[in-house]
Structures are given as structure tokens and as C-alpha cells.
Amino acid sequence: MSLQDRLDALKADFEGGRLAYKPSPDVLDTMHRATAELIASGQALNAKKAGDKAPEFTLKDADGRAVSSAQLLAQGPLVVAFYRGAWCPYCNLELQALQEALPQIGIRGARVVAISPQTAPNSRKSQRNNSLTFPILSDEKSRVAAEFGLRFSLPDYLVALYKGFKNDLPAFNDDPAWVLPMPARYVIGSDGIVAYAEVNPDYTQRPDPSELLPVLDRLQASAAA
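To start, this report covers the structure provided alongside it. (Residues numbered from 1 in each chain as written. Predicted model: local features only at pLDDT ≥ 70, side-chain atom pairs only at ≥ 80, totals over all residues. Heavy atoms only, no water.)

### Examining the sheet that holds strand β5 (residues 136-138)
Within the open sheet, the 7 strands sit side by side as β2-β1-β5-β4-β3-β8-β9. Their pairing is mixed. Each end of this open sheet is capped by a strand with a single partner; those strands are β2 (66-68) and β9 (194-199). Adjacent strand axes in the sheet meet at a mean angle of 30° when their direction is disregarded. Relative to β9, strand β8 (residues 184-188) runs antiparallel, the two sharing 5 bridges. The residue of β9 that forms the bridge with Ala 184 is Val 199. (Pairing = 2+ DSSP bridges. Helix = DSSP H or I, 4+ residues; strand = E, 2+ residues; numbered from the N terminus. Axes fitted to C-alpha atoms, helices over the stretch in contact; angles between N-to-C directions.)

### Topic: the packing of aromatic side chains
Geometrically, a pair of aromatic rings is defined through the distance of the ring centres and the angle of the planes. With the rule as written, the count across this model stands at 8 aromatic pairs. Between Phe 82 and Tyr 186 the ring centres are 6.2 Å apart and the planes differ by 85°, which places this aromatic pair in the edge-to-face class. Here Phe 82, found in strand β3 (residues 78-82), pairs with Tyr 186, found in strand β8; they are 104 residues apart in sequence, far enough to count as distant. Side by side, Phe 82 and Tyr 186 carry an identical accessibility label, which is buried. Summarising the aromatic geometry, the rings of Tyr 90 and Tyr 203 are spaced 5.4 Å apart at their centres and angled 70° between planes, so their arrangement reads as edge-to-face. Remark: Tyr 203 occurs in the loop between β9 and α9 (212-224) and Tyr 90 occurs in helix α4 (residues 89-106); sequence separation between them is 113 residues. In this pair, the class of Tyr 90 matches that of Tyr 203, namely buried. A network of ring pairs unites the aromatic residues Phe 14, Tyr 21, Trp 87, Tyr 162 and Phe 165 as a single cluster. Across from the ring centre of Tyr 157, 3.7 Å away, lies the NZ or CZ of Arg 33, which sits over that ring. If you follow Arg 84 out to its NZ or CZ, it ends over the ring of Tyr 203, 4.0 Å from the centre. (Phe/Tyr/Trp six-rings, centres within 6.5 Å; stacked < 30°, edge-to-face > 60°. Buried < 20%, exposed > 50% of the residue type's maximum accessible area, 1.4 Å probe, protein only. Lys NZ or Arg CZ within 6 Å of the ring centre and 35° of its normal.)

### Section: the layout of surface pockets
A volume near 580 Å³ is recorded for the largest pocket. Lining of the largest pocket is provided by 28 residues; of these, Met 31, Arg 84, Trp 87, Tyr 162 and Tyr 203 occupy positions nearest its centre. Looking at the lining of the largest pocket, the elements that each hand over two or more residues are α1 (3-15), α2 (25-41), α4, β6 (151-153) and α7 (156-164). Of the residues forming the lining of the largest pocket, the biggest block, 5 residues, is contributed by α2. Grouping the amino acids of the lining of the largest pocket by side-chain chemistry returns 22 nonpolar, 3 polar and 3 charged. Volume-wise, the second largest pocket comes out at about 200 Å³. (1 Å grid on protein atoms, 1.4 Å probe; cavity = no way out; pocket = protein on both sides within 12 Å on 5 of 7 lines; lining within 4 Å. Points joined across faces, edges and corners; volume = space filled by probe spheres on them. Nonpolar A, V, L, I, M, F, W, Y, C, P; charged D, E, K, R; others polar.)

That's the geometry; what it means functionally is another story.
The following block contains the structure:
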């Protein structure tokens, strides 16, 4: 089953009231409105795209160790996934799919890191709950997400909904601002140039990790030429 098939099944179960939480029509309308407005804003069109120079970053992993994109790129291409946090079931499915694809990514000489605004304890939760072996990096105040053009502020009506869910993002992220990154996935070549970019303001839509493999094949072939 593809990642999108899994995401579609999760969405159908949630919206159909087949999970522990059964959303009302008003809740669903609010969530759909927020997604539609983010799409309509056009922000995704201004995010980093293929051919752009990728911003360099140094962030701490779940154990407090500094991880440098420059050091990783010195060893080969880098797959970077931006996600919202351990509280997001759609993000968790994506992380699991990336873990499943990790052997195929690795044999192509690439590494994977995931970036979210959450604190280190929540990153450890992401790793533990999804059985991840690649680093989860904490992007304090979503600064790196902003450099990639991904950070956005939640509208007041969505903040109110999240508070009703007891989804306290300021506590979860140790940041008073109600901000998140749009889910995104990048392949950055060892030259620091973005070779692949997928940014979607609809968090229920995410490409299958298999789409990364032809890009990594091309980078590998180019490096060998």
C-alpha cells in the first residue's frame, strides 16, 4: 500500500467517525477551511524549489547532539522531511514510510533527517513510536522552516480548535507562537542545490518515498561521471 493510500484511509476513518475521536461537521468544516485558505494563500509556491540553493542548518537531534547539514552533505545527498510533530498522525505515517524506504535511500548514498518544531522529548517520542533510525531534529521557533519558506501562522479559529483538542502547540514546541511548517520533502545534492522539492499545504497529501529514488539515482550517476 502506498503512503497516500494509507493517508487516505486514515482521513476516511477520521472524517467518518471511526476513530476514538468523532469530529462534528463544524470541526471538519473548520479544518477544511484552514487547509483551503493556506492553499489559496499561495505560500507553497514561494517555498524553496528544485534548482534553489538550500539553506544550511545546524540543529539538535533528540539526544541534544548538533547535526550539521554541511557535514552530512559532505558525505552525499540529503533527504530532508519537514513535519508538524508527533501529535500529527499523518506525519507519523510519513515517517514510517521513510523508515521503510531507508535501505533503498541508503544504498544510493543518501541520508535522511526529519525536522519539526517540537522539543527534544517529543522528538524522542516520534522516534520511539515510529521505530525510526534516522535523526529527528528540533527546529527552534521554526527558524529553518522559515528559511525554506514553510513556516506559517495558524489562523485564530484554528488555534481555538486546537485548544479544544488540548493540542497545546506552544507547550509542545516551547514557542509561544502558534506556527507550523507546511509538510515538505527535499532532496539536496552534495553541492547544496535542491534536486527535488515537494511542498503541500494540504497535510493529508504526501508523495510516496519511492519518488525520491530516481532523483537519487540521477545524483549518484552524476557524481560518478
